[in-house]
Amino acid sequence: MNRVRFADALGLELTEVKVFQTGEDPSIPLHVLSRLSINSDLWYSNLHLEFTMQCLVPDFQQPADCMDFSSRLQEQQVCLERVTSSDLGLSGTIQVRNVAFEKRVSVRYTFNQWQSLHEVCARWHRSIPEKNGQDQVDVFTFFLPVPPFLLQLCSLVQFAARYQVNGQEYWDNNRGKNYTLTCRTHPLKMPRECEESWIHFI
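None of these values were measured; they are calculated from a predicted model. (Residues numbered from 1 in each chain as written. Predicted model: local features only at pLDDT ≥ 70, side-chain atom pairs only at ≥ 80, totals over all residues. Heavy atoms only, no water.)

1. Overview of the overall build of the protein chain
For step 1, the next point in the chain: Within the protein chain one finds three helices and ten strands.
For step 2, the next point in the chain: Tracing the protein chain from N to C terminus, the helices and strands come up as α-β-α-β-β-β-β-β-β-β-β-β-α.
For step 3, the next point in the chain: A burial count over the protein chain gives 34% of its 202 residues as buried.
For step 4, the next point in the chain: Relative to all contacts within the protein chain whose residues are 6 or more apart in sequence, the contacts with residues 24 or more apart total 63%.
For step 5, the next point in the chain: Summed over all atoms, the accessible surface of the protein chain reaches about 13,500 Å², with 53% contributed by carbon and sulfur. (Helix = DSSP H or I, 4+ residues; strand = E, 2+ residues; numbered from the N terminus. Buried < 20%, exposed > 50% of the residue type's maximum accessible area, 1.4 Å probe, protein only. Contact = heavy atoms within 4.5 Å. Areas by Shrake-Rupley, 256 points an atom, 1.4 Å probe, with all protein chains shown as cover.)

Given below as structure tokens:
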């Protein structure tokens, strides 16, 4: 008796099999379809492919690159260091003054101008020893999941960092303006030889 093995594009085992009935179309996320379309264009073209992708772009300078970063941290006790975006969401780092061992750092964020909000806990990453008379600093990392269907042009993600220690609460909300990222188009050029890696990226 012959056995049939199903595998995905990377040769990995399929963990789930879905049987569709006649007339029942599979539901494929739009962000997956767009990548399949791009790969198809690469396959049939001998030229480099130019296209645009939608991504979240910070409307602020990365705090760690600002001249007043250290003074802001001393003043607020907590300060966003930097944030980056990807297809899956936002990743970032936060610095807090090591006031006490027990502490909680989190990020409060919204997709709809604070009509509703979400909050995720940040995780301790490393400590920076004290120097120049300044207290030791702890660095925390965080990740904000952003569903692909929310990546519409001009849509916003806003957030602020929260630091709880010794019964006190401190915030870094970008001087009252909140940290805001806007969804914008970003031009990309992909060489023909990258087609295989693009399949794996899907």
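Now, onward.
2. Remarks on the state of the cysteines
For step 1, the next point in the chain: For the structure on display, the rule yields zero disulfides.
For step 2, the next point in the chain: In this structure Cys-66 is a free cysteine whose sulfur lies 8.2 Å from that of Cys-79, the closest cysteine sulfur available.
For step 3, the next point in the chain: Left unpaired, Cys-183 is separated from the closest cysteine sulfur, that of Cys-55, by 7.0 Å.
For step 4, the next point in the chain: Overall, the relative accessible area of 1% leaves Cys-183 in the buried class. (Disulfide = S-S within 2.5 Å.)

3. Let's talk about the pairing of strand β4 (residues 103–110)
For step 1, the next point in the chain: Across the eight residues that make up β4, a large majority, six, are buried.
For step 2, the next point in the chain: The sheet contact formed by β4 and strand β8 (residues 156–165) spans eight bridges and is antiparallel. By the bridge assignment, Arg-108 is partnered in β8 with Ala-160. (Pairing = 2+ DSSP bridges.)

4. Looking at helix α2 (residues 69–76)
For step 1, the next point in the chain: Inspection of α2 places Phe-69, Arg-72, Leu-73 and Gln-76 among the buried residues, and these make up the whole buried set. Each buried residue of α2 lies within a common arc of 100 degrees when the element is viewed along its axis, so the set occupies one face.
For step 2, the next point in the chain: One or two steps after α2, the chain reaches Gln-77, where phi turns positive at roughly 75 degrees. (Arc of directions from axis to C-beta.)

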